[in-house]
Amino acid sequence: MESLPLYLYTPHKLSAIINRLYTLLHFVALTSIIYYRLSFFLSTPTPPLSLTHLLVFASELLLSFLWLLHQAFTWRPVSRTVFPERLQQDKELPALDVFICTADPKKEPSFDVMNTVLSAMALDYPPEKLHVYLSDDGGSSLTLVALREACVFARSWLPFCRRFEIKTRCPKVFFSSGDDDHGVTQSVEYEEEREKIKRKYELFKERVHREEEKAVIKETSSPKAKNHPSIVEVVHDSSDDVVGSDQVQMPLLVYVSREKKPPHPHHFKAGALNVLVYTQSLLLLFLFIFSHICARSLIHMKFNLSVVHLFQLRVSSILSNSSYILILDCDMYCNDSTSARQAMCFHLDPKISPSLAFVQFPQKFHNISKTDIYDSQLRITFMTRWPGIDGIQGPMLSGTGYYMKREALYGKFLQKDLFGLKQAFGPSNELIMSLQHNKQHNIIDRGTSSSILQEEAQFLASCTYEKETLWGKQIGFLYNSMLEDYFTGFILHCKGWNSVFCNPSRPAFLGTATTKLNDTLVQGTRWNCGLLEVTFSKFCPLVYGLSRMSVLQTMCYAYYSLQPLYSLPLWCFATLPQLCLLNGIPLYPKASSPRFMILTSVFIFSQLKNVEEVLLTGGSVLAWWNEQRMWMIKSVTAYTYGTFDAILKCLGMRQPNFLPTNKVSDNDEVTLYQLGKFNFQTSTNLLAPIVTLVVLNIIAFAGGFARMIISGSWNELLGQVFLSFYILWVNYPIIEGVMLRKDKGRVPPSVGLLSLVLSIIFLSLGSMVLRFQAGIPGIYNRNTNS
C-alpha cells in the first residue's frame, strides 16, 4: 500500500496565464517604443546624434532588458502544503544541526541572541538528534557568558514548552504577548507553572543585562572583534552536580568563535559557517568518544580542554554528523516549533529528496509597522518572486531560515579516496574520519584523548586551516561574493541541485526588520555589491549559468546579479529629461501622438500589474506606494554605491568590508517608524544623492510648468513635466523632511543646502552643454517628438 504524500504541490494556472498574457502585451508595447527610438535615429542617412537622446534610449533598453529577465519569476508560480503529521516516527528522523550566527554584541544585543538560541533548542524535534551551535564572530566574552545563562534557563523552559505544547517558544515573545499561546486547555496548573517560569525568565534577563553593562565598561574600544583566538566550548548547566538528578532532555549546545587575525582573510559570514561545518564534525566525533568513556567509567566528568570545556555534558549513545543543517541569523527566532518537521516533509520525500539541496522559508519580521515605509518585509521577493521561481528549479538561498542538506555542501568530494579527501577538506584526520562515517574508533585513555582533541579543535578553528584546501572554493559556503547565500545557491543550482520554497500560514521564523533609513541603505549597499561581484566574475549567470540551468532559472539569477544596474537608468530619468525640460527640448512624443499613448499605456499597465501583485499577496495600495518610493531611493543610493564598491574591488582599489546590520533602536527611532515618518539621520553620502535629485526635480518642474503655460508647449513637454511631477509625488516624504519637519528625524539643513548647490551646478553646466549642442546643425533642429 502506497503511503500518503508528505506535501501537496499546487500550480497556479490562472495566475500563470494572466502573467504570460501581460508579458506578451507589454513586450509588444516595448518593441514599439524601441522601434520609435530607432526610427528617430535613422530618419536621415547620417544623423548627428544627441548624447541626451542616446543616454535616454540606452536607459530604456536597460530597463526593458531587466523587465524581461524579471518575467521569469512570474512564468510558473506554485505553492506547497506540507503534512508533518505523516512523517515517520521520531526515532527514524535524521539528525539536525542549527547554526546561529552573530558578530557584534553592540549591534546585536546578547539577550535577543539568546532568545533565538532558546527558540532553536525548543524546536519540536527529538532532542537527542538536535544540536545547536552559536557562532560568535566577534569573540565576545559577553556572548559566551550569556549563552551559559541561557543554558541554565533552558532546563526549565524546554520542559515547560513540551508539557503544555507551547507554540511560541521564544521566551521574550511568549512573556511579552497578551495571549498564552499553548496547545492545551488552560488550567490552574498551567498558570502556576507559567508564573514560576516567568520568575526564572526575569532572573535570566537580569543576569544577561548585568553582564551587558559590565561589557560596556570592560570592552570599550576593544579590537577583539578583528583579532582574537579560537574558542570552542560545549555549554551545559553546571549548577547540578548530582548525576541523574536532572532528567531534562536538552539538545547539544556549543559556542564557537573562530580565530581571526588582520592579515588573514576571514570571508565574513561564509567563513564563519564553514568553521561551524568542520568544527561541528570534530565535536560530534569527540562526543561519540566521550560517551563511550562515560559509559565505561559510569562517572560524571568535567573534560577540560583549553578550547573545549564541557559542563555536565548530556551524553548520547547515538551521535554522528547531522545530515541536515538549519541556518539562522541571530535575530531570526523560531516562531513555529514544527518548522524542522515541515522541512523534512520535502527532504524525506523519496521522489525529490535525491536532488533536493535546501528548503527555504520566507523571511518575515515581528516589528513591521502598518505602513512599512522602508519596505522592510521584502514582500516582492518572498511573496511574488520565490513562489514563481519555485515552479522552475527552486528559490535562491536567502541568508537565513533554510534547511540545507550537508551532502550538497560537500558534493562529489565525499566519494574521493583518503588522499583526495585531505586535499579537498584539509589535513585533519579526525575530520576525515567523520566524513567517512567511521565510528569504530579505539577508545584511548582520557589524557591522550584530551591532548589530541585540544590540538584538533585549535587547528580546525584557526585562520590558516583552509589554506591549500577547497573550503569556500568548491566545498561549503562559497567565498567569491560578500553575498555568500546568493552565490552558494547559484552554484548548487548549476550543479543540478533543486530547492523548495515552503511558506506556511504561521511564519516559521520571525526576525527584526530595519527601522532606520540608514540601516536599510547600508544593508542594501552590501547586498548589491555582493551581487555585482558575481556579475564581474567568471560565474556571471548569463554566461556561466546558461549552459548549466534552464533558461528561466538563469534569467532569475541574472536579474538579481544585474539589479544594481537599475541605478543607471534611474539617474538618467531623474536628471536628463528635467534638464531638457528647463531648456525647452522635448525628449518624448507629442501628447497628441499615438506613440505617446503607447508610452502612457506601458507606464499605467505596469503600475496596475504591480498593484495587483501587492493586493493578491495581502498588501495594500499604500504598501505598493511605499515600495515604489523605496525602489527609487535604493536605486540612486544603495544600488549606486554598491555598483561603485564592486567596481573598485574588481580593480583592487578597495578591500571587502562587512558591517552587521544594526538591531538596536532607541525609542525615538521606533516612534518615528511606527508613525510612518522617515528618519533621515544618516550619513551625508547616503542622503545627499536622493535629496539632490528631489531638489533638482522641484526646480525643473517649476520652470518647465511655467514654460509650458507661458509658451503653450504643453503638447511637446507634457511627458517631461509629468515625469518630474511623478518623482516629486512619490518622494514627498523627502520634500517634507527638507522643508516642513522640525523634529530630529528631518533632513539636516546642511544636506538641503548642499543638494541645492549641486542641483544648480548640474543644471547650469548641463544647460551650457545643451546650448553648445544646439549650435551644431542637425541635432535639435528636427522634429523629435512627432
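Note that this is a predicted model, so its numbers are computed, not measured. Per chain, the residues get numbers from 1 upward, laid out in the order the sequence is written. The model is predicted, so local features are restricted to residues of pLDDT at least 70 and side-chain atom pairs to those at 80 or more, both for listing and for counting; the totals for chains, interfaces and linings are taken over all residues. The basis for every side-chain value is the complete set of heavy atoms in the structure, and neither hydrogens nor water enter the calculation.

1. Digging into the sheet that holds strand E12 (residues 498–501)
Reading across from one edge, E5-E6-E4-E3-E7-E11-E9-E12 is the order of the eight strands in this open sheet, with mixed pairing throughout. In this open sheet, the two strands that pair with only one neighbour each are strand E5 (231–234) and E12. Pairs of neighbouring strands in the sheet enclose a mean axial angle of 20°, with direction left out of account. Relative to strand E11 (residues 402–405), strand E9 (residues 356–360) runs antiparallel, the two sharing three bridges. Looking at E11, one finds that Val359 is bridged to Tyr403. Strand pairing follows a simple DSSP-based rule, namely that at least 2 bridges must link the two strands. Here a helix means four or more residues in a row that DSSP labels H or I, a strand means two or more in a row labelled E, and each is numbered from the N terminus. Lines are fitted to the C-alpha atoms to define the axes, a helix being fitted only along its stretch in contact, and any angle between axes, read from their N-to-C directions, falls within 0 to 180 degrees.

2. Observations regarding the sheet that holds strand E8 (residues 333–334)
The strand order E8-E13-E10 describes an open sheet built from three strands, whose pairing is mixed. In this open sheet, the two edge strands, each paired with only one partner strand, are E8 and strand E10 (364–365). Pairing of E10 with strand E13 (residues 509–511), which is carried by two bridges, proceeds in the parallel orientation. Directly across from Lys364, in E13, lies its bridge partner Leu510.

3. With respect to the pairing of E9
Accessibility here uses a 1.4 Å probe with only protein chains present; expressed as a share of the type maximum, an area under 20% marks a residue as buried, one over 50% as exposed, and anything in between as partly exposed. Within E9, five of the five residues are buried, leaving the element largely enclosed by the surrounding structure. Bridge analysis of E9 against E12 gives four bridges, and the strand direction is parallel. Residue pairing for E12: Phe358 is matched across the bridge by Ser499.

4. Describing helix H21 (residues 621–636)
Look at H21: 23 Å from first C-alpha to last across 16 residues, which is about the 22 Å you get at 1.5 Å a residue. A large share of H21 lies buried, amounting to 13 of its 16 residues. Given the number of residues in a helix, its expected span is that number minus one, multiplied by 1.5 Å.

5. Some remarks on empty space enclosed by the protein
For cavity detection a 1 Å grid was placed over the protein atoms alone, and a set of points counts as a cavity when a 1.4 Å probe fits there but cannot get out; an open set counts as a pocket when protein lies on both sides within 12 Å along at least five of seven lines, with lining residues being those that have an atom within 4 Å of a point. Grid points are joined across faces, edges and corners, and a volume is the space filled by probe spheres set on the points. Under the criterion given, the structure shown has six cavities of 30 Å³ or more. Empty space within the second largest cavity amounts to approximately 60 Å³. Taken together, Ala408, Leu409, Lys473, Gln474, Gly476, Leu478, Thr488, Ile491, Leu492 and Lys495 make up the full set of residues lining the second largest cavity. Counting residues per element, the lining of the second largest cavity draws most heavily on helix H14 (residues 484–494), at three residues. Partitioning the lining of the second largest cavity into residue classes produces five nonpolar, three polar and two charged. Classification convention: Asp, Glu, Lys, Arg as charged; Ala, Val, Leu, Ile, Met, Phe, Trp, Tyr, Cys, Pro as nonpolar; all other residues, Gly among them, as polar.

6. Examining the pattern of salt bridges
Salt bridges are defined as contacts in which a side-chain nitrogen from Lys or Arg sits within 4 Å of a carboxyl oxygen from Asp or Glu. Here the structure, examined in full by the defined rule, presents 17 salt bridges. In this structure, Lys196 and Glu193 form a salt bridge, with 3.9 Å as the shortest nitrogen-oxygen distance. Of this pair, Lys196 and Glu193 both sit in helix H6 (residues 188–218), three residues apart, which is roughly one turn of the helix. The class for Lys196 is partly exposed, based on a relative accessible area of 38%. We classify Glu193 as buried; its relative accessible area is 18%. Three or more residues are tied together by salt bridges with common partners; here these are Asp90, Asp124 and Arg341.

7. Describing the environment of Arg406
The topology assignment puts Arg406 in helix H10 (residues 406–410). The spatial distance from the C-alpha of Arg406 to the C-alpha of Ser323 is 5.4 Å, given a sequence separation of 83 residues. Of note is the side chain of Arg406, whose polar atom sits 2.7 Å from the side chain of Asp97. A 3.5 Å cut-off defines polar contacts: any pair of N or O atoms within that distance qualifies, except that in protein one atom must be a possible hydrogen donor and the other a possible acceptor, and neighbouring residues in sequence count only when both atoms are side-chain atoms.

8. Quick look at the packing of aromatic side chains
Aromatic pairs are defined between Phe, Tyr and Trp rings, using the six-membered ring for Trp, whenever the two ring centres lie within 6.5 Å; interplanar angles under 30 degrees are classed as stacked, those over 60 as edge-to-face, and all others as tilted. Applying the stated criterion across every chain, the model contains 47 aromatic pairs. For the ring pair Tyr559 and Tyr560, a centre distance of 5.7 Å and an interplane angle of 85° mean the geometry is edge-to-face. Of the two residues, Tyr559 and Tyr560, both sit in the buried class. These aromatic residues form a ring-pair network of at least three members: Phe111, Phe153, Trp157, Phe160, Phe164, Phe174, Phe175, Tyr190, Tyr201 and Phe204.

9. Here we look at the packing of helix H24 (residues 684–711) against helix H25 (residues 714–730)
When two helices pack together, their arrangement is given by the angle between the helix axes and by the axis-to-axis distance. Here H24 crosses H25 at 150°, and the two axes come no closer than 9 Å. With respect to their mutual orientation, H24 and H25 come out roughly antiparallel. Crossing handedness for the pair H24 and H25: left-handed. Counting all contacts with H24, which are made through Val694, Asn697, Ile698, Ala700, Phe701, Gly704, Phe705, Arg707 and Met708, the residues of H25 involved are Trp714, Leu717, Leu718, Val721, Ser724, Phe725, Ile727 and Leu728. Along the lines of polarity and charge, the residues of the contact of H24 with H25 split into 13 nonpolar, three polar and one charged. Relative orientations are named as follows: roughly parallel for angles under 35 degrees, roughly antiparallel for angles over 145 degrees, roughly perpendicular for angles from 65 to 115 degrees, and oblique for any other angle. Two helices that cross are described as forming a left-handed crossing if the nearer one is turned anticlockwise from the farther one by less than a right angle, and a right-handed crossing if clockwise. A contact between two residues is defined here by any heavy atoms of the two lying within 4.5 Å.

10. Some points on the nonpolar core
Looking at soluble globular proteins, one finds that nonpolar side chains tend to be buried together. In plain words, nonpolar cores are sets of buried Ala, Val, Leu, Ile, Met, Phe, Trp, Tyr and Cys residues tied together by side-chain atoms within 4.5 Å. Counting residues in each nonpolar core, the largest one holds 67 residues, and the members touching the most others are Val98, Ile100, Trp157, Phe204, Tyr403 and Phe509. The leading source of residues in this core is helix H4 (residues 141–163), at 11 residues. Leave out the neighbours within four places in its chain, and Ile100 touches Thr116, Val117, Ala120, Val132, Tyr133, Leu134, Ser135, Leu328, Asp329 and Cys330. Residues Ile585, Val602, Phe678 and Tyr726 belong to the second largest nonpolar core, which totals 53 residues.

11. Details of the pairing of strand E2 (residues 78–82)
Covered by surrounding structure in E2 are Val78, Arg80 and Val82 only, the residues Ser79 and Thr81 on the alternate face being uncovered. As paired strands, strand E1 (residues 7–11) and E2 are joined by five bridges and run antiparallel to one another. Looking at the pairing, Thr10 lines up with Ser79 of E2.

12. Focus: the side chain of Asn731
Mapping Asn731 onto the fold places it in the loop between H25 and helix H26 (732–739). With a relative accessible area of 2%, Asn731 lands in the buried category. Once residues within four sequence positions are removed from consideration, Asn731 is found in contact with Arg629, Met632, Ile633, Ile690 and Val694.

13. What to know about the state of the cysteines
Disulfide assignment relies on a single distance test, namely cysteine sulfur atoms paired within 2.5 Å. Here the structure, examined in full by the defined rule, presents zero disulfides. For the unlinked cysteine Cys580, the closest cysteine sulfur is that of Cys572, found at 9.4 Å. With relative accessibility at 1%, the residue Cys580 sits in the buried group.

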